[in-house]
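Inside the fold
Spelled out from the first residue to the last, the chains are:
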Amino acid sequence: MEAHFGHPQDIEWCLVDDTFYIVQSREITTLFPIPDATDSENHVYVSVGHQQMMTDPMKPLGLSFWQMTTPRPMAVAGGRLFVDITQELASPERRNVMVNATKRIQDGQRIRVNGTEGYIEIL
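Anyway, here's the lowdown on the structure attached to this text. It should be emphasised that the depicted structure is a prediction, and the values quoted were computed from it without experimental measurement.

1. Looking at unusual backbone geometry
Most peptide bonds take the trans form, and the phi angle of most residues other than glycine is negative. At Asp17, a residue that is not glycine, the phi angle is positive and equals roughly 50°. Within the element layout of this structure, Asp17 appears in the loop between strand S1 (9-16) and strand S2 (19-27). A positive phi angle, close to 65°, is found at Asp18, a residue other than glycine. Note that Asp18 resides in the loop between S1 and S2. Classification of Asp18 as exposed rests on a relative accessible area of 61%.

Structure follows, in structure tokens:
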């Protein structure tokens, strides 16, 4: 399936019994900025702060600290950090790792992320 949109889209999705469903798609109507891309391709961004339960914008010092201490490039928009996961989703093997990780990790479970070697370990 291929889709062409004239404007950035907000796509809501869910995963049920190993089947991926698009629940809703509409033009983004928020004033919240998205990271600037260096090309005209589509990108999928994940909010770093929301993964850490930090939903408020970060101060410039915090943004620069995070960017200096992580091996992964992070884009800034609206005082928040984002990681571009487009390449991971484009690869069937890497996409499966991302989807399967969300199934295996339970609420409250501790994990270790090894960004250098590219794996997640459940502790």
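2. What to know about the nonpolar core
Counting residues in each nonpolar core, the largest one holds seven residues, listed as Val48, Met58, Leu63, Met74, Leu81, Val83 and Ile85. Beyond its immediate chain neighbours, meaning those up to four positions away, Leu81 contacts Val46, Ser47, Val48, Gly49, Met58, Leu63, Trp66, Gln67, Met74, Ala75 and Val76.

3. Quick notes on the pairing of strand S5 (residues 80-84)
Counted residue by residue, S5 has four buried out of five residues, so it is predominantly covered. Pairing of strand S3 (residues 45-47) with S5 involves three bridges; the strand directions are antiparallel. Bridge pairing links Tyr45 to Asp84 in S5.

The rules behind the values
Residues numbered from 1 in each chain as written. Predicted model: local features only at pLDDT ≥ 70, side-chain atom pairs only at ≥ 80, totals over all residues. Heavy atoms only, no water. Helix = DSSP H or I, 4+ residues; strand = E, 2+ residues; numbered from the N terminus. Buried < 20%, exposed > 50% of the residue type's maximum accessible area, 1.4 Å probe, protein only. Core = buried A, V, L, I, M, F, W, Y, C linked by side-chain atoms within 4.5 Å. Contact = heavy atoms within 4.5 Å. Pairing = 2+ DSSP bridges.

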